Amino acid sequence: MMRRRILTAAALLTGSALLLSACAPSASSGDEQASGDAVTLKVWSWRTEDVEAYNKIFDVFEEEHPNITVEFEAFQNTEYNQILTTGLAGSDGPDVPMVRAYGQLQPNIEAGQLEPIDGKVEGLDGIAPSVIAGAKGKADGKTYAVPLATQTLQMFYNKQIFEDQGLEVPTTWDEFIDVQEKLLAAGITPMALGAKDDWILPIFADIVGSARYGGSEFEEQVLSGETDFNDPDYVASLGIITEMEKYLTSDVVGVSYTDSQIQFSSGQAAQFPGGSFEIATFRNQAPDLEFGSYQVPVPDDAVLDAPVSPAYADGNFAINSKSTHQDEAVELLNWLATPEFGQLVADELNQFSAIPGVEYEDAAMQEAWSNYEDGQAPYLLLVDFRYGEPLGTAVLGQQVQKMFLGETDAAGAAAALQTGISQWFVPGE
């Protein structure tokens, strides 16, 4: 609908200025609240690529709740955190902001910018504990948001290339290595990885190494202080990265994340280690591409005896504590916690909904979800080690780049990670 809009990159500075000056009339103004029945809720997000889909989704809500109009506004991902901080601190912010999860949610909670929703929103008890944890306050344990999506991390593969090369999805580590060697021998890049962007590298590390270091078992041990990241099993999991380097694009540190996506979707590379958030991108880039996914088999000497898909909660919807439309915002969040919205997330956003009871018609999505249900683990550094600075993901991403450049090894990377998170992490707390 035309009443909804997106701020383009060129308009971001103007948008920020409006937030600071509050020159434009607020959709949550007291005048509107006093005027009667019709209420407009401002919803903010960083998902500029999903504006059209969200407009369709909120059309469904509006049909069922005719007294509420949703004004959905998206900002550039890289600018969003600052824009949201400014908006929540002022009087012209969103009624319902999309907020980050886990550690990156805590500053908004600690600043008193979000309303607790325990007892106000139904359906939260059906959400997986590891996912709803991303919507909770670390200090008070209260729930402040409705989780949007679950992201799982797996190995995507080009079905046509596998068929042409006579390859099967590997189920053992030896078969996994054999697949890479045969692709290499055929002159095909086995895996596309954009190591120029270091945020993708901890994802790669967990895709190939989570089962090796122990997944959820290691999580429990490292959080309690029973072990740390210098643990030999964790070091060995990082060592797998070095083993995989020969199967990646040459000069992998010079390849950007977006270039690696194109390498896979264009058929230049046979596999792509990444998150379920890639599915929509691959569909858009190459509608005719036939691809699937699999869990990387258990490496030799692994702690776990079955493969796993690391996962995490991705995004939440919360209520601005300054919103003058608290009741209507609660009404919207209750709808966001329903299977109806969850199904729309699957159908329109091509994402795995955090809400149970959703079916996935897309074959690639259903396969990835089935893989995840077969074996789950946390995306450890995002779920548990982004509650302070430096972020665990940031430290390991830089260290893996150094591993590729020959500037450190697995033990050095693990030691740097432990040193980094020790600046704020206290086991057992």
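Just so it is clear, the structure is predicted and the values come from calculations on it, not from any experiment. (Residues numbered from 1 in each chain as written. Predicted model: local features only at pLDDT ≥ 70, side-chain atom pairs only at ≥ 80, totals over all residues. Heavy atoms only, no water.)

Now for the packing of helix α11 (residues 232-244) against helix α18 (residues 392-404). Following both chains from N to C, one finds α11 and α18 inclined at 50 degrees, their axes separated by 10 Å at the closest point. Between α11 and α18, the angle is such that the two are oblique. Both α11 and α18 take part in a crossing whose hand is right-handed. Counting all contacts with α11, which are made through Y234, L238, I241 and T242, the residues of α18 involved are L396, V400, M403 and F404. When the residues that make up the contact of α11 with α18 are grouped by side-chain class, the tally is seven nonpolar, one polar and no charged. (Axes fitted to C-alpha atoms, helices over the stretch in contact; angles between N-to-C directions. Helix = DSSP H or I, 4+ residues; strand = E, 2+ residues; numbered from the N terminus. Parallel < 35°, antiparallel > 145°, perpendicular 65-115°, else oblique. Left-handed = near helix turned anticlockwise from the far one by under 90°. Contact = heavy atoms within 4.5 Å. Nonpolar A, V, L, I, M, F, W, Y, C, P; charged D, E, K, R; others polar.)

When pLDDT is averaged along the protein, the result is 92, and 92% of the positions lie at 70 or above. Across residues 1-36, where pLDDT falls below 50, the model places 64 contacts with residues more than four positions away in sequence or in other chains. (pLDDT = per-residue confidence, 0-100.)

Take the nonpolar core next. Counting residues in each nonpolar core, the largest one holds 135 residues, and the members touching the most others are F229, Y234 and F404. The element best represented in this core is strand β4 (residues 145-158), accounting for eight residues. Each of domain 1 (35-150 + 312-369) and domain 2 (152-311 + 374-421) contributes no fewer than three residues to this core. In this structure F404 touches L193, A195, L201, F204, I241, E245, L248, V252 and V253, once residues within four positions along its chain are discounted. (Core = buried A, V, L, I, M, F, W, Y, C linked by side-chain atoms within 4.5 Å. Buried < 20%, exposed > 50% of the residue type's maximum accessible area, 1.4 Å probe, protein only. Domains from an automatic or database assignment.)

Below, the discussion takes up the side chain of Q180. When you line up the elements, Q180 lands in helix α8 (residues 173-185). Only 3.0 Å separates the side chain of Q180 from the backbone oxygen of F176, close enough to count as a polar contact. Beyond its immediate sequence surroundings of up to four residues, Q180 is in contact with P190, M191, Y247, Q271 and Y294. (Polar contact = N/O pair within 3.5 Å; in protein donor to acceptor, adjacent residues only side chain to side chain.)

As a further point, take the domain arrangement of the protein. For the protein, the assigned domains are domain 1 (35-150 + 312-369) and domain 2 (152-311 + 374-421). Distance from the C-alpha centre of domain 1 to the C-alpha centre of domain 2: 29 Å. Each partner contributes residues to the interface: domain 1 has 17 residues there, and domain 2 has 19 residues. For the pair domain 1 and domain 2, the summed buried surface comes to about 1,700 Å²; carbon and sulfur atoms form 59% of the total. It is Y102, Y312 and E367 that lose the most area in domain 1 upon contact with domain 2, and together they represent 36% of the buried surface on that side. (Buried area = accessible area lost by both parts, 1.4 Å probe.)

Covered by surrounding structure in strand β3 (residues 96-99) are V96 and M98 together with P97 and V99, the residues of both alternating faces. Relative to β3, strand β1 (residues 39-45) runs parallel, the two being bridged by two bridges. Bridge assignment links V43 to a residue of β3, and that residue is V96. Here β3 pairs with strand β8 (residues 309-318) via two bridges, running antiparallel. Within β8, the position partnered with V99 by the bridge is N316. (Pairing = 2+ DSSP bridges.)

Our focus in this paragraph is the pattern of salt bridges. A full pass over the atoms with the stated rule returns nine salt bridges. With a closest N to O distance of 2.7 Å, D50 and R47 form a salt bridge. The class of D50 is buried, set by a relative accessible area of 10%. On the basis of relative accessibility, which here comes to 21%, the residue R47 falls in the partly exposed class. Sharing partners across several salt bridges, the network here consists of R47, E49 and D50. (Salt bridge = Lys/Arg side-chain N within 4 Å of Asp/Glu carboxyl O.)

Next up on the list: unusual backbone geometry. Here the amide bond leading from E389 into P390 is cis, since omega sits at 0 degrees, within 30 degrees of zero. Turning to its location among the elements, P390 is positioned in the loop between α17 (380-384) and α18. Positive phi values are uncommon outside glycine, yet Y102 reaches one of about 55 degrees. As for its placement among the helices and strands, Y102 is situated in the loop between β3 and α5 (106-110). Here Y102 falls in the buried class, since its relative accessible area comes to 1%.

What follows is about the packing of aromatic side chains. Within the structure shown, the criterion is met by 35 aromatic pairs. Both rings, one in Y54 and one in F58, keep their centres 5.9 Å apart while their planes meet at 20 degrees; by these two values the pair is stacked. In this pair, Y54 and F58 both sit in helix α3 (residues 51-64), four residues apart, roughly one turn of the helix. Taken as a pair, Y54 and F58 share a single burial class, namely buried. An angle of 55 degrees between the planes, with centres 5.3 Å apart, marks the rings of F61 and W335 as tilted. Placement of F61 in helix α3 and of W335 in helix α14 (residues 326-336) is noted, with a sequence separation of 274 residues between them. (Phe/Tyr/Trp six-rings, centres within 6.5 Å; stacked < 30°, edge-to-face > 60°.)

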